[in-house]
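# Per-entry structural report
Listed here are the chains, written in short residue letters.
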Amino acid sequence: MAEWFKGPYFVLEGVVRLAVKRPARGEIIAHDSGAVVLRCPACAAIQFARANILNSPKTPTLDRAIQCGSGHCKRCGVWFTIRNGEAFPAEAPEKKEVALPDKLKKAGVHPQPELKLKPKAE
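Residues numbered from 1 in each chain as written. Predicted model: local features only at pLDDT ≥ 70, side-chain atom pairs only at ≥ 80, totals over all residues. Heavy atoms only, no water.

## Things to note about the nonpolar core
As a reminder of what qualifies: By convention a nonpolar core is built from buried Ala, Val, Leu, Ile, Met, Phe, Trp, Tyr and Cys residues, the set being connected through side-chain atoms within 4.5 Å. Burial here depends on accessible area, computed with a 1.4 Å probe over protein chains only, as a share of the maximum for the residue type. Under 20% is buried, over 50% is exposed, and the range in between is partly exposed. Where helices and strands are cited, they refer to DSSP runs of H or I of at least four residues and of E of at least two residues respectively, numbered from the N terminus. Pairs of residues are marked as contacts when any of their non-hydrogen atoms sit within 4.5 Å.
Core analysis: the biggest nonpolar cluster contains 18 residues, and V36, L38, C40, I66 and I82 have the highest contact counts within it. Breaking this core down by element, the ones donating at least two residues are β3 (35-39) and β8 (79-83). Once residues lying within four places of it in the same chain are set aside, the contact partners of I82 are Y9, L38, P60, T61, L62 and A87.

Printed below as a string of structure tokens:
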């Protein structure tokens with residue numbers, strides 16, 4: 001894993017699609033859909049997440065924490081957030097317990113299994 005990249009993070013002006021430019025460390029693409037594209041401060045993997053950008057584009061703050069991989073590749077699995085243009089480690093949000101209605105249980109639907117992150121062999 002690479003060294004933690006603290007920042008600065010900033011929103012790229014005039015870039016709203018990944019096809020135009022791949023973000024470097026510290027660059028954030030704010031997509032039209034409300035998604036953000038940025039690199040993980042721990043491992044530099046490109047992340048796609050849904051988050052609102054607060055403050056100015058030069059010192060952005062994300063309204064929620066992001067997990068590296070977000071359920072896809074789980075490259076390093078760290079949770080992080082951006083505040084005032086700097087990356088900070090974050091705690092995983094509390095998992096909401098979803099109760100399945102009896103009708104679905106009788107139909108054979110089960111709750112989603114817990115996904116475990118396997119440590120990489122070094």
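## Thoughts on the side chain of Q47
Definition in use: The definition of a polar contact used here is a pair of N or O atoms within 3.5 Å, where within protein one atom must be able to donate a hydrogen and the other to accept one, and adjacent residues in sequence count solely through side-chain atom pairs.
Following the sequence through the fold, Q47 ends up in strand β4 (residues 46-50). The exposure class assigned to Q47 is buried, which follows from its relative accessible area of 3%. At 3.2 Å, the side chain of Q47 forms a polar contact with the backbone oxygen of A45.

## Comments concerning the sheet that holds β8
Test applied: Should DSSP find at least two bridges between two strands, the strands are taken to pair.
Sheet architecture is open: three strands sit in the order β7-β8-β9, paired in antiparallel fashion. The two strands at the open ends of the sheet, each matched to only one other strand, are β7 (66-67) and β9 (86-89). Where β8 meets β9, four bridges bridge the pair, whose relative direction is antiparallel. Residue R83 lies in a different strand from β9, and its bridge partner there is E86.

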